Amino acid sequence: MTDTPFLQATAISKTYPGERVAGVKRTDLAIQPQKITAIIGESGSGKSTLLRLLYGLLSPDEGSIHFKGERIWGPEEKLIPGHDAMKMVTQDTDGLNVYAKVWDNIAVLMPNTDVGAKEERATQVLKQLNILHLADKQAFFLSGGEKQRVAIARALITRPEVLLLDEPFNQVDTSFREGLQQDIRQVVHDTGLTVIMVSHDPAEVLSMADELIVLKEGQIIEMGHPKKLYQNPQNLYTAKLLTNCNVLAADEAKHCGINTRAAHVVIYPEWAAPTGSWTRKNWTVKQVLFKGSYEDLLVAKDGITLRLLNDEPGKYNVGDKVHIKINRFMEF
Ligand SMILES: Nc1ncnc2c1ncn2[C@@H]1O[C@H](COP(=O)(O)OP(=O)(O)OP(=O)(O)O)[C@@H](O)[C@H]1O
């Protein structure tokens, strides 16, 4: 056993030429091996910049990045940018040869020195990504989700230690997305791959990540297990990124029976429930959004609107008067 960190950034900063504001500012970070780390943050917070720095596609202006104790060199120092033990997949699948079959798109990346090993590995990766049945299909005829699976298979065929994913599921529709997320989790579990992914989608990072990094204005403001960050965020920013929560100013919170000295009160939709059986029904149902197994209810009182989760679809209609029971809130 050695104590050498797997992938570590120390006080890295990066400002793009001609820009006044840094893309990434004095950031320290240690990535855990064989886990999925997700980077989340609002648009422009530096997620892609951080990912590209970790891969060596960009050089930090200050600080350094080490992979298993060895310095990662950026494009100024290295002829072919990007670390050899890592592969990056973005939402852009332009690297595919659309005139070639799926099999050839993948196998072409293996050396021809041992044809048996090449076939075996290509088959294994196609199976891992659940696309073996597409092996003979021309890439041109694949759906967006299938193309993304091929792109990930291409990245994995040479057995990288780290897979970097920059919003790779953006073009993939929801039903395919979940399958692909599960398959990536399975690859991590089976092979010990380390994944670092950037995403805008709270549902995706909460279900996929072992570790979550929250970026704001180029700096990490919070990190930890997704469940911990969801249930007890230390920042209003994190809560707003992870859920479509109700944020009330202190004077608005009073109308919900909450007296606070904090600037804001946050109520997650699942922390408040309508009850129809109470006498003080002073909230009005303004909208009912059917979501299948539950409904989003918008209820209003005194000019305040709350979004609630109702797990008994059909129980409330627009115009109904309800009482609201708030079970939990957070102060920021
Ligand atoms: N090539 C570039 N040249 C100049 N500025 C850039 C460049 N790339 C990014 N930036 C700036 O750096 C900051 C961080 O950008 P970055 O793309 O890393 O953010 P992000 O969180 O990935 O955003 P998004 O979610 O919108 O993709 C932004 O202010 C952005 O405008």
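Since we're looking at a predicted model, the values are computed, not measured. (Residues numbered from 1 in each chain as written. Predicted model: local features only at pLDDT ≥ 70, side-chain atom pairs only at ≥ 80, totals over all residues.)

1. Here's the deal with helix H1 (residues 47-55)
Reasoning step 1: In terms of burial, H1 is largely enclosed, as 8 of its 9 residues are buried.
Reasoning step 2: Along H1, the residues classified as buried are Lys47, Thr49, Leu50, Leu51, Arg52, Leu53, Leu54 and Tyr55.
Reasoning step 3: Gly56 lies just past H1 and shows a positive phi near 95 degrees. (Buried ≥ 20, exposed ≤ 12 C-beta atoms within 10 Å, placed from the backbone. Helix = DSSP H or I, 4+ residues; strand = E, 2+ residues; numbered from the N terminus.)

2. Quick look at the site of the ligand
Reasoning step 1: Around the ligand sit Tyr16, Glu19, Val21, Gly23, Gly41, Ser43, Gly44, Ser45, Gly46, Lys47, Ser48 and Thr49, and that is every residue in its neighbourhood.
Reasoning step 2: Among the elements that line the shell around the ligand, the one with the most residues is H1, at 3 residues.
Reasoning step 3: Grouping the constituent residues of the shell around the ligand by class yields 2 nonpolar, 8 polar and 2 charged. (Near = placed C-beta within 6 Å. Nonpolar A, V, L, I, M, F, W, Y, C, P; charged D, E, K, R; others polar.)

3. Some details on the domain arrangement of the protein
Reasoning step 1: Partitioning the protein into domains gives domain 1 (1-85 + 160-243), domain 2 (93-157) and domain 3 (244-331).
Reasoning step 2: Of the residues lining the interface, 4 residues belong to domain 1; the matching set on domain 3 comes to 7 residues. (Domains from an automatic or database assignment. Contact = placed C-beta atoms within 7 Å.)

4. Quick word on the nonpolar core
Reasoning step 1: Within the largest apolar cluster, 78 residues are counted, with the highest numbers of intra-cluster contacts made by Ala38, Ile39, Leu54, Ile106, Ala153, Leu163 and Leu164.
Reasoning step 2: Of the residues forming this core, the biggest block, 6 residues, is contributed by helix H4 (residues 144-156).
Reasoning step 3: Filtering out sequence-adjacent residues up to four positions away, Leu163 remains in contact with Lys87, Val89, Ala155, Leu156, Leu193 and Val195. (Core = buried A, V, L, I, M, F, W, Y, C linked by C-beta atoms within 7 Å.)

5. Details of the sheet that holds strand S17 (residues 321-326)
Reasoning step 1: Pairing is antiparallel in the open sheet, where 5 strands are placed in the order S13-S17-S14-S15-S16. Every interior strand has two partners, whereas the edge strands, strand S13 (272-275) and strand S16 (304-310), have only one. Each neighbouring strand pair of the sheet contributes to a mean axis angle of 40 degrees, computed without reference to strand direction.
Reasoning step 2: The pairing of strand S14 (residues 283-290) with strand S15 (residues 295-301) spans 6 bridges and is antiparallel. Its bridge partner being in S15, Phe290 is matched across the sheet by Glu295. (Pairing = 2+ DSSP bridges. Axes fitted to C-alpha atoms, helices over the stretch in contact; angles between N-to-C directions.)

6. Concerning the sheet that holds strand S8 (residues 194-198)
Reasoning step 1: Read from one edge to the other, the open sheet built from 6 strands follows the order S6-S7-S8-S3-S9-S10, with strand pairing classed as mixed. The strands lining the two open edges of the sheet, one partner per strand, are strand S6 (86-90) and strand S10 (219-224). Mean inter-strand twist for the sheet, computed between neighbouring axes without regard to direction, equals 20 degrees.
Reasoning step 2: Across 5 bridges, the pairing between strand S7 (residues 162-166) and S8 is parallel. Bridging across to S8, Asp166 finds its partner in Val198.

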